[in-house]
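# Secondary and tertiary structure notes
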Amino acid sequence: IIRYEGTLYKNWASTVLLGDGSVSFRNPPAFMLAELVDERQAYAEIEALIDMAFHHPNTPVFVAKQLIQRLVSSNPSAGYLRNASKAFRTGEYEGMVFSGQRGDLAA
């Protein structure tokens, strides 16, 4: 459930079954009715989705692991991931404060 400007939005899971039901897939997330969409609502939905992903508790660990695997080591240690994800969450590293905000990649 996402709250945006006082309104709650919920992504309902809908599963589509094909044939005898042995094949199924989930429809992609949709927070608005397609026939009622205007550009402003679409931007608001995208912004809400990005904010939700950015503030999710698993995002720092996910981003840290992906960056370390691509740029440093394919198998980072738990301590390395812990330090990098803490820097992502707090915006500081080893006592140095960068922006002090979540997501600061300089940290």
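Before any of the text, the structure's been laid out above.
Residues numbered from 1 in each chain as written. Predicted model: local features only at pLDDT ≥ 70, side-chain atom pairs only at ≥ 80, totals over all residues. Heavy atoms only, no water.

When helices and strands are tallied, the chain shows 3 helices and 6 strands. Of the regular secondary structure in the chain, the N- to C-terminal order runs β-β-β-β-α-α-α-β-β. For the chain, buried positions account for 14% of its 107 residues. Nonlocal contacts in the chain, meaning residues at least 24 apart in sequence, comprise 22% of its contacts between residues at least 6 apart. Surface accessibility of the chain: about 8,300 Å² in total, with carbon and sulfur atoms responsible for 57%. (Helix = DSSP H or I, 4+ residues; strand = E, 2+ residues; numbered from the N terminus. Buried < 20%, exposed > 50% of the residue type's maximum accessible area, 1.4 Å probe, protein only. Contact = heavy atoms within 4.5 Å. Areas by Shrake-Rupley, 256 points an atom, 1.4 Å probe, with all protein chains shown as cover.)

Our focus in this paragraph is the packing of helix α2 (residues 59–71) against helix α3 (residues 78–90). At a closest axis distance of 8 Å, the pairing of α2 and α3 adopts a crossing angle of 120°. When the interaxial angle is binned, α2 and α3 end up oblique. Crossing hand, α2 versus α3: right-handed. Seen from α2, the contacting residues are Thr59, Pro60, Val61, Val63, Ala64, Lys65 and Ile68; seen from α3, they are Tyr80, Leu81, Ala84, Ser85, Phe88 and Arg89. Tallied by class, residues from the contact of α2 with α3 come to 9 nonpolar, 2 polar and 2 charged. (Axes fitted to C-alpha atoms, helices over the stretch in contact; angles between N-to-C directions. Parallel < 35°, antiparallel > 145°, perpendicular 65-115°, else oblique. Left-handed = near helix turned anticlockwise from the far one by under 90°. Nonpolar A, V, L, I, M, F, W, Y, C, P; charged D, E, K, R; others polar.)

Enumeration over the complete set of coordinates arrives at 1 aromatic pair. The residue whose ring lies beneath Arg102 is Phe54, and the NZ or CZ to ring-centre distance is 5.8 Å. (Phe/Tyr/Trp six-rings, centres within 6.5 Å; stacked < 30°, edge-to-face > 60°. Lys NZ or Arg CZ within 6 Å of the ring centre and 35° of its normal.)

Next up on the list: the environment of Arg102. If you trace the backbone, Arg102 turns up in the segment after β6 (96–97). Linking Arg102 and Ala87, residues 15 residues apart in sequence, is a C-alpha distance of 8.1 Å. If near-sequence neighbours (up to four positions away) are discounted, Arg102 is found in contact with Phe54, His55, His56, Thr59, Pro60, Phe88 and Arg89. There is a polar contact of 3.0 Å between the side chain of Arg102 and the backbone oxygen of Phe54. There is a polar contact of 3.0 Å between the side chain of Arg102 and the backbone oxygen of His56. (Polar contact = N/O pair within 3.5 Å; in protein donor to acceptor, adjacent residues only side chain to side chain.)

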